Structures are given as C-alpha cells and as structure tokens.
Amino acid sequence: MKAGDMLRLDRAVSVQFGHPITVRVIRVLDWITYDGWAWIDCYQVGPTGDAVARRSLFIQPAHVQYVPPALFQGRQAPRARAGRAPSRGARPVRSRPS
C-alpha cells in the first residue's frame, strides 16, 4: 500500500466500517501498532472520485481491496447552477423602452 492507491474498506478491514467506503491513500503512517495493523492518512472519496473528507484510519492492510483508478475516470460531479432558479410562475423582467 502506497500514496495514491485507491482502497475499498469494509468490515474485514476493521469493525468501524459497517458500510464500505472508498479512500485514496495520502500516506501510510509509521506509528507503532499491533502486529498486522497500520494507520493511514487518506481522503474518503465519493462516487465520482472526488474527496469528501480527510481521515486517519486504523486498518488491517492484509484485508484491503484495491480499486482500479479507471473506475472513476470519465465520471463528473454534478455542477451547481450559477445564480438562483426562478420561482415557479415567475415571469422574466423586461425593461421598458425609453
């Protein structure tokens, strides 16, 4: 496991993951832990591959599932529209000719 790896973390990795999450590794920390465990700094990613939260996680590296980065290529997050949407039934404002 190294920086940039995409991982799927589920209950096999640690009991803290009741629902699986996908993360992008920032770094593996060199903290002293129990045998077979590690601390990682990572970004939790959403369905489009964009970071949604930064996290430090205590995991069992032997049980992680590697996610191919190509899984997220070509997906784009929905963009917010600029300005406010008109309220229902509103008419556009027209300027009067001078």
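Above this text sits the structure in question.
A brief report on the enclosed structure follows. (Residues numbered from 1 in each chain as written. Predicted model: local features only at pLDDT ≥ 70, side-chain atom pairs only at ≥ 80, totals over all residues. Heavy atoms only, no water.)

1. Quick word on the overall build of the protein
On a plain count of helices and strands, the protein comes out with zero helices and five strands. Element order for the protein, N to C, with α for helix and β for strand: β-β-β-β-β. Taken across its 98 residues, the protein has 28% of its residues classed as buried. Across the protein, contacts joining residues at least 24 apart in sequence account for 40% of those joining residues at least 6 apart. (Helix = DSSP H or I, 4+ residues; strand = E, 2+ residues; numbered from the N terminus. Buried < 20%, exposed > 50% of the residue type's maximum accessible area, 1.4 Å probe, protein only. Contact = heavy atoms within 4.5 Å.)

2. Quick word on the pattern of salt bridges
In this structure the tally under the stated criterion is four salt bridges. One salt bridge in this structure joins K2 and D5, with 3.2 Å as the shortest N-O distance. Classification of D5 by relative accessible area gives buried; the value is 13%. Between D41 and R54 there is a salt bridge whose closest N-O contact spans 4.0 Å. Of this pair, D41 sits in strand β3 (residues 38–45) while R54 sits in strand β4 (residues 51–59), and the two are 13 residues apart along the sequence. Where salt bridges share partners, they join R27, D41 and R54 into one cluster. (Salt bridge = Lys/Arg side-chain N within 4 Å of Asp/Glu carboxyl O.)

3. Observations concerning the pairing of β3
Judged by how many residues are buried, β3 sits mostly within the fold: six of eight residues are covered. Across seven bridges, the pairing between strand β2 (residues 21–29) and β3 is antiparallel. Following the sheet pairing, V23 is matched in β3 by Q44. Strand direction decides the pairing type here: β3 and β4, joined by eight bridges, are antiparallel. For D41, the partnering residue across the bridge sits in β4 and is S56. What sits between β3 and β4 in their antiparallel hairpin is a turn of five residues, with G49 showing a positive phi close to 90°. (Pairing = 2+ DSSP bridges.)

4. Here we look at the nonpolar core
With twelve residues, the main nonpolar core is built from L7, L9, V13, F17, I21, V23, V25, I40, C42, L57, I59 and V64. Contributing elements (two or more residues each) for this core: β1 (6–9), β2, β3 and β4. If you tally residues by element for this core, the top one is β2, at three residues. Aside from chain neighbours lying at most four places away, what touches L57 is L9, Q16, F17, I21, V23, A38, W39, I40 and C42. (Core = buried A, V, L, I, M, F, W, Y, C linked by side-chain atoms within 4.5 Å.)

5. Some thoughts on the sheet that holds β3
The strand order across the open sheet built from five strands is β4-β3-β2-β1-β5, with neighbouring strands paired in antiparallel fashion. Strands at the two margins of the open sheet, each flanked by one partner only, are β4 and β5 (65–66). For β1 and β5, the ladder comprises two bridges, and the chain directions are antiparallel. Bridging across to β5, R8 finds its partner in Q65.

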